[in-house]
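Each chain, written out:
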Amino acid sequence: MSGAFDNSIVNQVQQANDIVDVITEHVSLKKKGREMVGLCPFHDDHRPSMYVNGAKQIFKCFACGAGGDVFKFLQMRENLTFPQAIERLADRAGIKIKPTKAAKDKGRQLPDVDPNQLAKVNAWAADHFQKNLADEQKGRSTRNYIDERQITPESTKKWRLGLAVDSQDDLVRAAKTRGIPPKLLTHAGLVVNQGGDGLADKFVNRLMFPITDVTGRVIGFGGRTLGEAGAKYINSPTTPLFDKSNSLYGLEHARHSIVSSATAVVVEGYTDCIMAHQFGCSNVVAALGTSFTTGQGRILKRYAKKVVLIFDSDAAGIEAANRALEVCLSQRIDIKLASVPQAKDPCDFLLTAGRERFEQLADEAVDVFQFKWNRLMESFGSDDTLAGKKQAIEEFLQTIAASLWAGNLPAIDRGLIVNRLAKIIGAEPKEINAELSRRISRAAKTASYPDTISAENQKVQSIDFGQGLFAVAQREVLEVLLNEPKLFETVKQRITAEEFDVPILRQIADILFQTLSADINASLAEILTRAESVEAGSVIVQLAQGGEEKGNFESRLDGALNVMQQINRRRKKGEVKAIEDQSRFLRRFSENAVKENPHNVGMV
Ligand SMILES: [Zn+2]
């Protein structure tokens, strides 16, 4: 059933990748009873709704319905196919696997962008750039430059700095020697098409910064020019693996420290970030040359309570403040702003002023609301005239109203913000609230509603479980089997998987009947690996948990099997219609089901 790989390999890979460890690489989890909870990455989660059960090796979000095993998590998180997720986790655990021939053929038909392949070609390119830098001849002047910037050899190694030499086709030629398909290089954004068959390196004469994801995979590159030509910094283009507004430089190295300090410090440049770590400030990441985005805020929110944005200069900070306000309100994350004195970049500041001053800068950062207000007051007349102040208030509330609308804030959070604004401006909360409401409704007329739920979740939430008693009975049977697999002995004597007529339930019945026929002791995790689609995985977890809460397995199973058998028998005789209206037996069953189990009321 796992198609590309045989089941023993799938099980081996699953056992080598504890779901708690894997999910922790993406989301910060806290212990709660026997389970772990964290913010769900599959919807815009504001209080932890995702539960991870280490004993059962499953996860489940109670808000959006996402759920499954470790493969499902990765499939959804990184948009992978099932075989790709297996490959990724095998890689993670250092297990060598070979897909079956069928999978290889299937792979050939897939569109040519496989994120795993891109990560591999990126890792190869990072190696190549590192070798260039280490080369006695080719790398000498760049190594000198790195020395001048006071980046130590240890940092150079840790951050895998490299060199794209001053040649249009250095990487292209190296790839050819290695037999790497040009298409892969193009998709990874490492080369550019020059028309015809001509390929040229994208990064030429640049100091290379590999950008990794939280698990250490190279997802893209930043390159700083070593000559006069072109932009000072360029990044990899957007690929299926890399999107700079949803990535942060250094998260791999900063993650633990961000969790333990509950604070993430965000700087602008690669070297700022490297230097901060070199000085022992290890909760620092860099924003990849964009102003801090909602996507980046969403990522950091999984690890940090507070985000401090540090800017090279006050001017840059003013520009970024509006964006930061929006992220702060939409992601409900505490954002503070600071700028480096004397328009230095954080890297130089660290080198001249040292770690303590840098940490002090972060400690004394100003709340984003206050920051915005202070700057507005300055721009509208520092003499504090009434007219100036009025104008400042107008613009202040306008900015916040726009952000509030974009973030769709719940009432309780809004109350807190209104109080905060009232204190800053020195006005009554009631007035502020009324003023904001007026502006928000104006913003609502011109703005479109933000898209907060991903297509994947909508898919999960809109699954059709069928209608009527027959559908309920099918669910019940599956709920029981997922909790008490031993009862399969009873089930298989009375019904077959073919009798399930709700498509998603039939799919799961097929999996369960096959798995349990082979091994009556199969665990939930094993069953989940056989459900290749994300949708089926989510439904299995939902049924397993729903069933567990209801308990009462044997009698529920018996009732449900009776219903299924009765209806099927009558269906065969063409009496389907009549049975739904008349059968006294059915009515009795549904009354009992409701009595024993109020959950069923809505479904019957
Ligand atoms: Zn969720």
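One structure accompanies this document, and this report is about it. Quantities reported herein were computed from a predicted structural model and do not represent experimental measurements. (Residues numbered from 1 in each chain as written. Predicted model: local features only at pLDDT ≥ 70, side-chain atom pairs only at ≥ 80, totals over all residues. Heavy atoms only, no water.)

**Quick word on helix 6 (residues 115-134)**
Then, number 1: Between the first and last C-alpha of helix 6 there are 28 Å, a value that for 20 residues agrees with the 28 Å anticipated at 1.5 Å per step.
Then, number 2: Its side-chain oxygen placed 2.8 Å from the backbone nitrogen of Asn116, Asp114 serves as the N-cap of helix 6. (Helix = DSSP H or I, 4+ residues; strand = E, 2+ residues; numbered from the N terminus. Expected span 1.5 Å × (residues − 1). Polar contact = N/O pair within 3.5 Å; in protein donor to acceptor, adjacent residues only side chain to side chain.)

**Focus on the nonpolar core**
Nonpolar side chains tend toward joint burial in soluble globular proteins.
Then, number 1: Core analysis: the biggest nonpolar cluster contains 60 residues, and Trp124, Leu161, Leu190, Phe221, Tyr249, Ile310 and Phe358 have the highest contact counts within it.
Then, number 2: The greatest single-element share of this core, amounting to eight residues, is contributed by helix 6.
Then, number 3: In this structure, Val266, Val327, Val368 and Phe380 belong to the second largest nonpolar core, which totals 48 residues. (Core = buried A, V, L, I, M, F, W, Y, C linked by side-chain atoms within 4.5 Å. Buried < 20%, exposed > 50% of the residue type's maximum accessible area, 1.4 Å probe, protein only.)

**Overview of the sheet that holds strand 3 (residues 50-53)**
Then, number 1: Read across the open sheet, the five strands follow the order 1-2-3-4-5; overall the sheet is antiparallel. Both edges of this open sheet fall to strand 1 (30-32) and strand 5 (67-68), since each of them pairs with a single strand only.
Then, number 2: Sheet topology note: the strand 4 (residues 58-61)/strand 5 ladder contains two bridges and is antiparallel. Its bridge partner lying in strand 5, Lys60 is registered against Gly67.
Then, number 3: In the packing of helix 3 (residues 70-78) onto the sheet, contacts are made with strand 3, strand 4 and strand 5, and the angle to strand 4 comes to roughly 50°.
Then, number 4: Taken strand by strand, helix 26 (residues 534-550) contacts strand 2 (35-38), strand 4 and strand 5, and its axis lies near 85° from that of strand 4. (Pairing = 2+ DSSP bridges. Contact = heavy atoms within 4.5 Å. Axes fitted to C-alpha atoms, helices over the stretch in contact; angles between N-to-C directions.)

**Describing unusual backbone geometry**
Then, number 1: Backbone geometry at Gln57 places phi at a positive 60°, although glycine is not the residue there.
Then, number 2: Inspection of the secondary structure puts Gln57 in the loop between strand 3 and strand 4.
Then, number 3: Non-glycine residue Asn205 carries a positive phi angle of around 50°.

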